[in-house]
Amino acid sequence: MDDKQKDTAVSLLIFAVLYFAAFGLVNTAGARDMDMLAVFEIDEYAQYPHLLRMVEPANSIKLSVRNFLVYGHYFYGYPFYFFSGLVLLPFRLFLGIDMASFTQWIMLALRQLINVLPGIAGAFSLTYFTTHFRSLWKSLAIFLLMLFLPALVLNGFWWHPDGLGLMFVSLTFLVLSLDGLDFGWKFSLAAVTTGVAAGIKYLGAFFVLTIPAYLIIGIIREKIKVKRATIKGVGFLLIAAVTFVLTNPLLLLPLERSELIAAQLSQFSRSLRGELMGRQPFLENGRLPGWLTSNYGSIPFLLFLAGSLLWGMFQKRHRLHAILILSYISPLIIAISVVSLRRTHYYLPIILPLIASLSFFLPDRWPKISENKLSGLASLLLVLLLAWQGGQFFITDVRYFDGMLHREERSSSIAFYRSIQEEVFSEEERKTNLTVYRDWHVYFPATGNILVFMDWDLANYGLIEERKPDYLLLERANAETYGSEEYLASAPDPGRLAPMHKFYADALHDSVQNYDLFYENHFGLVFKRNPTQP
């Protein structure tokens, strides 16, 4: 990099440090203990016990290594748990068995280092991919638009694999740009980053059109012969495949491999047909859903992103980069359109490269009307549009930060817990041995004499009669949703979900077998086992 590019890089890094620090102020919220994770981020609650088990002390080095490898939660690839485990190791080494009481600080580290930092790295890489840091104002505009994107901000508030996946996708774009159709070691390095991205959450697999396009462009521009391009393409595939396996070493162990494949097949099935709810339409009354436009930008802004990408296709100096972006996001858009779940973070690997494509249309220098009135005015209007959208992003971000900072005090679930502590469980009863069932988002941490359990398939009479809990703590939203008369008609698997529907329908109408409604408010319902029942 020349001095100008270095100055641009330093400017971006200053904003990156401030951005990272801002998240550090709020990312301890909602993590007072492990049970609180379920209230705000059920995925964190599902993942966290497996991570703790990875760093448990063992009697031998061999067993310690096995614990670190066999992570047990095969919905995501091992690189996510590997990097998370590295973050957790210092806590284990310095805190030992006391680590469990430092959940807030552990979650701070995981959220910051596994999601916030990779998100920054991804935005930084994509900015360089299209601008090469040759224009300070343009690089800053694109970088800050990415960082202020509300969806990326939301993704920084939890510990999840999408930040790492996005970073390795962005690194693939970056390394291909640095390779510049040379097809040398950087091309092979791109195969490695692709393999890691595929091993985290399959995001690398969507380069399926990008690499052939890159090779074809090399052939058309006479940078590589057809025979060598074929060899390079096969080599890229082999390197990516080997990287995928090496970064997911359980694929080499027969028992764990079968469990991993079964978990992935189950995940694919649930993604396609839904798990508890049936397939939901993407458009709302013929319009883009509000959650999409509020987190990714207004329709004019999204259209302008698409227009910038198309504009780049017709500009010789930008064509390669535009084709690489288009060839990556196209299969990803198709894949997301066929899944039943529409989660906000799914669109990050699509929109962030599109924001990077603004570089194809934006002028390298700050627009000056005095030089050319027509083009200068058009450029200035464009800058104002981006500034307005960036301002809207910032307003949304402030609201998200405020919600994160005050999430515990505003939580209906935690308020419900405080209420039932005072109104349901007497001082004397709290000293006796009790068994309590709770729904996912109901906050009720276990104590020495109170056993608390939940079930990922929610409640049904078979489970309740088997465990015979003294109390049932149900979320009212679950009763109203899964207990409604219309639920089974649209359920993805009516046969499997019928027992759950029956139970929540009874709860909704205060007729749970062997239990009496003891307390309720707008958030939840408390049922107590009838003392006449065995």
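Residues numbered from 1 in each chain as written. Predicted model: local features only at pLDDT ≥ 70, side-chain atom pairs only at ≥ 80, totals over all residues. Heavy atoms only, no water.

1. Looking at the pairing of strand E3 (residues 471–475)
- Of all the five residues making up E3, five are buried; the element is thus mostly covered by neighbouring parts of the structure.
- Residues Tyr471, Leu473 and Glu475 line one face of E3 and the alternating positions Leu472 and Leu474 line the opposite face, and both faces are buried.
- The pairing of strand E1 (residues 434–438) with E3 spans three bridges and is classified as parallel. Paired with Arg438 across the two strands is Leu473, which belongs to E3.
- Note: E3 against strand E5 (residues 524–529), five bridges, orientation antiparallel. Across the sheet, Leu474 pairs through a bridge with Leu525, a residue of E5. (Buried < 20%, exposed > 50% of the residue type's maximum accessible area, 1.4 Å probe, protein only. Helix = DSSP H or I, 4+ residues; strand = E, 2+ residues; numbered from the N terminus. Pairing = 2+ DSSP bridges.)

2. As for the layout of surface pockets
- Its boundaries defined by the atoms lining it, the second largest pocket holds a volume of some 470 Å³.
- Lining the second largest pocket we find 21 residues, and of these Leu302, Ile333, Ile350, Ile351 and Leu354 sit closest to its centre.
- When residues of the lining of the second largest pocket are traced back to their parent elements, those giving at least two are helix H14 (290–296), helix H15 (299–313), helix H16 (319–338) and helix H17 (348–356).
- The element best represented in the lining of the second largest pocket is H15, accounting for seven residues.
- Partitioning the lining of the second largest pocket into residue classes produces 19 nonpolar, one polar and one charged. (1 Å grid on protein atoms, 1.4 Å probe; cavity = no way out; pocket = protein on both sides within 12 Å on 5 of 7 lines; lining within 4 Å. Points joined across faces, edges and corners; volume = space filled by probe spheres on them. Nonpolar A, V, L, I, M, F, W, Y, C, P; charged D, E, K, R; others polar.)

3. Let's talk about a nonpolar patch on the surface
- Taken together, the side chains of Val10, Ile14, Phe15 and Leu18 make up a nonpolar region of the molecular surface, amounting to roughly 380 Å² of accessible area.
- We classify Leu18 as exposed; its relative accessible area is 56%. (Patch = residues over 30% accessible without salt bridge, like charges linked within 9 Å, V, L, I, M, F, W, Y side chains within 5 Å. Areas by Shrake-Rupley, 256 points an atom, 1.4 Å probe, with all protein chains shown as cover. Salt bridge = Lys/Arg side-chain N within 4 Å of Asp/Glu carboxyl O.)

4. Structural notes on empty space enclosed by the protein
- Within this structure, the stated rule accounts for one cavity of 30 Å³ or more.
- The volume enclosed by the largest cavity comes to roughly 40 Å³.
- As for the largest cavity, its lining consists of Tyr19, Phe23, Asn115, Val116, Gly119, Leu152, Asn155 and Gly156.
- Going through the elements one at a time, helix H1 (3–24), helix H6 (103–131) and helix H8 (150–155) are the ones with two or more residues in the lining of the largest cavity.

5. Some thoughts on the packing of helix H5 (residues 78–95) against H6
- Remark: H5 packs on H6, axes separated minimally by 10 Å, with the N-to-C direction vectors making an angle of 140°. When the axis of H5 is compared with that of H6, the two are oblique. Of the two elements, H5 crosses H6, and the hand of that crossing is right-handed. For the pair H5 and H6, the contacting residues are Phe80, Phe83, Ser84, Val87, Leu88 and Phe91 in the first and Trp105, Ile106, Ala109, Leu110, Leu113 and Ile114 in the second. (Axes fitted to C-alpha atoms, helices over the stretch in contact; angles between N-to-C directions. Parallel < 35°, antiparallel > 145°, perpendicular 65-115°, else oblique. Left-handed = near helix turned anticlockwise from the far one by under 90°. Contact = heavy atoms within 4.5 Å.)

6. Let's talk about the sheet that holds strand E4 (residues 515–520)
- Within the open sheet, the five strands sit side by side as E2-E1-E3-E5-E4. Their pairing is mixed. Pairing within the sheet leaves two strands with one partner each, and these edge strands are strand E2 (450–453) and E4. Between one strand axis and the next, the sheet turns by 25° as a mean value, whatever way the strands run.
- Sheet topology places E4 next to E5; five bridges connect them, and they run antiparallel. Within E5, the position partnered with Asp516 by the bridge is Lys528.

7. A closer look at a positive patch on the surface
- Taken together, the side chains of Arg221, Lys223, Lys316 and Arg319 make up a positively charged region of the molecular surface.
- Inspection of the secondary structure puts Arg221 in the loop between helix H11 (210–220) and helix H12 (226–246). (Lys, Arg positive; Asp, Glu negative; His and termini not counted. Charge placed at Lys NZ, Arg CZ, Asp CG, Glu CD.)

8. As for the packing of aromatic side chains
- The final tally for this structure, using the stated rule, is 45 aromatic pairs.
- Judged by centre distance (5.6 Å) and plane angle (80°), the ring pair of Tyr417 and Phe444 falls under edge-to-face. Taken together, the residues Tyr417 in helix H20 (residues 412–423) and Phe444 in the loop between E1 and E2 connect sequence positions 27 residues apart. Here Tyr417 and Phe444 have matching classes, each one buried.
- Grouped by ring-pair contacts, the aromatic residues Tyr48, Phe68, Tyr71, Tyr74, Tyr76, Tyr78, Phe80, Tyr81, Phe82, Phe83, Trp159 and Phe168 constitute a single cluster.
- Over the ring of Phe518 we find Lys528, and its NZ or CZ is 5.3 Å from the ring centre. (Phe/Tyr/Trp six-rings, centres within 6.5 Å; stacked < 30°, edge-to-face > 60°. Lys NZ or Arg CZ within 6 Å of the ring centre and 35° of its normal.)

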